[in-house]
Amino acid sequence: MCQKHNIGVWCGGMLECSIGAFFTLSLATLDNFIYPAALNTNDYIDDIVTYKCLAENGKVNAPNFLSDFGVNEDKLRHYTILSKTMTMR
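Right, let's walk through the structure included here. (Residues numbered from 1 in each chain as written. Predicted model: local features only at pLDDT ≥ 70, side-chain atom pairs only at ≥ 80, totals over all residues. Heavy atoms only, no water.)

## Here we look at the pattern of salt bridges
And then number 1: Considering all chains together, one arrives at one salt bridge under this definition.
And then number 2: Put simply, Asp 74 and Arg 77 hold a salt bridge, and the shortest N to O gap is 2.8 Å. Taken together, the positions of Asp 74 and Arg 77, both in helix α3 (residues 73-79) and three residues apart, correspond to about one turn of that helix. Of the two residues examined, Asp 74 and Arg 77, each falls in the exposed class. (Salt bridge = Lys/Arg side-chain N within 4 Å of Asp/Glu carboxyl O. Helix = DSSP H or I, 4+ residues; strand = E, 2+ residues; numbered from the N terminus. Buried < 20%, exposed > 50% of the residue type's maximum accessible area, 1.4 Å probe, protein only.)

## Some thoughts on the environment of Gly 20
And then number 1: Considering the arrangement of structural elements, one finds Gly 20 in helix α1 (residues 18-28).
And then number 2: By relative accessible area, Gly 20 is classed as buried at 16%.
And then number 3: Between the alpha carbons of Gly 20 and Leu 39 there is a distance of 9.4 Å; along the sequence they are 19 residues apart.

## Structural notes on a nonpolar patch on the surface
And then number 1: Among the surface-exposed residues, Trp 10, Ile 34 and Tyr 35 lie close enough to one another that they form a single nonpolar patch of about 370 Å² accessible area.
And then number 2: For Ile 34, the position within the fold is in the loop between α1 and β1 (55-56).
And then number 3: In this structure Ile 34 comes out as exposed when scored by relative accessible area, which is 53%. (Patch = residues over 30% accessible without salt bridge, like charges linked within 9 Å, V, L, I, M, F, W, Y side chains within 5 Å. Areas by Shrake-Rupley, 256 points an atom, 1.4 Å probe, with all protein chains shown as cover.)

Now the structure itself:
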């Protein structure tokens, strides 16, 4: 809606993991996101993602959403407390 009405926007948050930071960074690359983004670019000790959004010299390289983002399934299983599989009919 903002883009349709030529309204610039800002993206940020206090996301606690690199999965959230990845999506925030992806949104911040859209054309009408014209204000500096507030990104969490921490280097977590044992992160479950395969691409880390890390700042270097005040800049963060925007990942290619479909090809760069991934979850390390082994680490995810290691930290999973409970899971449930659902099927659709």
